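Breakdown of the fold
Residue-level listing of the chains:
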Amino acid sequence: MTTTINNEHKKLNVPNLRFPEFQGEWEEYTLQDVVTFSNGKAHENCVNDDGDYILVNSKFVSTNGQVQKRVTSQLSPLHKSQFVMVMSDLPNGKALAKCFYVEEDNKYTLNQRVCSFTSNDGNVSRFLMYQINRNKYYLRFDDGINQTNLKKSEVLSCPVFIPIVREQEKIATLLCKIDERIATQNKIIDKLQSLIKGISNKIFATIQGIEYRMGNIVTISNGNSNVQDAVTESKDGLYPFFDRSEDIKYLPTFLFDKEAIIYPGEGAEFMPRYFRGKFALHQRCYAIFDFKEIINAQFLYFYLKTQNSYFVRNAVGSTVPSLRLDTFQKLKVIIPPKKIQHSVSLCLSSM
């Protein structure tokens, strides 16, 4: 692929990186100007393992079709070259458009929490999808506290920039090929992660040592920082801010200067992350720090990565499962001699 850097910064709506055969300004519209919008109608309670149609719900979209449910009726049929977007129950800090492109007719039906788009005036659906899928516009509707539900008017007010159709096609083709490569690499990563998880589980299943309650060997505390004050770009004078999302945000103040294991306090699953240094923490997250002499922090981190099922099982609340301090304190940890802890940490960190 040949690209060129467009340095005509006086022109509006022209990308800096562009295929060299294209010139001219991209036109600005809102999404409602270039698509036909439709809400889904299919309900989750219509699920049937023997159904003929795949239900396109938020889980289906977020996993790119990996998690599927089937229904018997096609209340909201999807057609080839449409794309869909999740509108409801977006986790806080994640109100980014998440889209899925429809490749086949007569195969899918749309859940009521997902909307579909059909491009108008010859515009390329896949190009529009890529532009929406990477747009941070919808973050303005995210309060950082509750799950976000987007309204039709909010969805359709998103700005889009439209070049001629041939340029749309070329961009969409390139990005599609990149997505295919990413999907291949992700399959490789998933297999490696599965292998590492299996090895880790086997290691900790054979560990022998003294049993402790985690609350007796570490300090556990939640944070007090708010996501509304955070920014997404790192720069001098800012410190990492951890909330329940996978993305790291930044604040001008820090709460801890520690070697720590950090946990989301809410969500569908509870996986730790290891960090050393100054950081801020959301009020619904937990930090594990001040490790006693008998425990290696990284050893405990790798052990906790095997304990997701324990935290899911002990989470409370039906809408958004959440963890309580005593759930961490009561967790049993088998502690072997420090030499074994070091060997285990070295082995797992190298993988």
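Here, the structure is the one placed above.
One structure accompanies this document, and this report is about it. Every value quoted in this text rests on a predicted model; they were computed, and no experiment measured them.

Section: the packing of aromatic side chains
- Enumeration over the complete set of coordinates arrives at 21 aromatic pairs.
- Members of the aromatic cluster, joined through ring pairs, are Phe242, Phe256, Phe275, Phe279 and Phe289.
- The positively charged end of arginine 126 is found above the aromatic ring belonging to tyrosine 101, 3.9 Å away from the centroid.

Description of helix α5 (residues 165-206)
- Look at α5: 61 Å from first C-alpha to last across 42 residues, which is about the 62 Å you get at 1.5 Å a residue.
- Within α5, burial applies to Glu167, Gln168, Ile171, Ala172, Cys176, Ser200, Ile203 and Phe204.
- Looking at the buried positions of α5, the neighbouring elements they touch are β2 (17-18), α3 (125-133), β11 (159-162), α6 (297-304) and α9 (338-350).

Describing a nonpolar patch on the surface
- A cluster of nonpolar residues, Ile188, Leu192 and Leu195, forms a patch on the protein surface that exposes about 280 Å² of accessible area.
- Relative to the assigned elements, leucine 195 resides in helix α5.

Some points on the state of the cysteines
- Applying the stated rule across the entire model yields zero disulfides.
- Left without a disulfide partner, cysteine 99 is nearest to the cysteine sulfur of cysteine 115, which lies 7.9 Å away.
- Note on cysteine 158: no disulfide assigned, nearest cysteine sulfur contributed by cysteine 99 at a separation of 9.5 Å.

Here's the deal with the packing of α6 against α9
- Contact geometry of α6 with α9 gives a least axis separation of 8 Å together with a crossing angle of 60 degrees. The angle between α6 and α9 falls in the class oblique. Considering how the two elements wind past one another, α6 and α9 form a crossing that is left-handed. The segment α6 lies against α9, with Gln298, Phe299 and Phe302 engaging Gln341, Val344, Ser345, Leu348 and Ser349.

Here we look at unusual backbone geometry
- Unusually for a residue other than glycine, serine 81 sits at a positive phi of about 80 degrees.
- Mapped onto the secondary structure, serine 81 falls in the loop between β6 (69-71) and β7 (83-86).
- Phi is positive for aspartate 121, which is not a glycine, with a value near 60 degrees.
- With respect to the element layout, aspartate 121 can be found in the loop between β10 (114-119) and α3.
- For aspartate 121, a relative accessible area of 71% corresponds to the exposed category.

Conventions used here
Residues numbered from 1 in each chain as written. Predicted model: local features only at pLDDT ≥ 70, side-chain atom pairs only at ≥ 80, totals over all residues. Heavy atoms only, no water. Phe/Tyr/Trp six-rings, centres within 6.5 Å; stacked < 30°, edge-to-face > 60°. Lys NZ or Arg CZ within 6 Å of the ring centre and 35° of its normal. Helix = DSSP H or I, 4+ residues; strand = E, 2+ residues; numbered from the N terminus. Expected span 1.5 Å × (residues − 1). Buried < 20%, exposed > 50% of the residue type's maximum accessible area, 1.4 Å probe, protein only. Contact = heavy atoms within 4.5 Å. Patch = residues over 30% accessible without salt bridge, like charges linked within 9 Å, V, L, I, M, F, W, Y side chains within 5 Å. Areas by Shrake-Rupley, 256 points an atom, 1.4 Å probe, with all protein chains shown as cover. Salt bridge = Lys/Arg side-chain N within 4 Å of Asp/Glu carboxyl O. Disulfide = S-S within 2.5 Å. Axes fitted to C-alpha atoms, helices over the stretch in contact; angles between N-to-C directions. Parallel < 35°, antiparallel > 145°, perpendicular 65-115°, else oblique. Left-handed = near helix turned anticlockwise from the far one by under 90°.

Remember that the coordinates give geometry; whether it matters functionally is a separate question.
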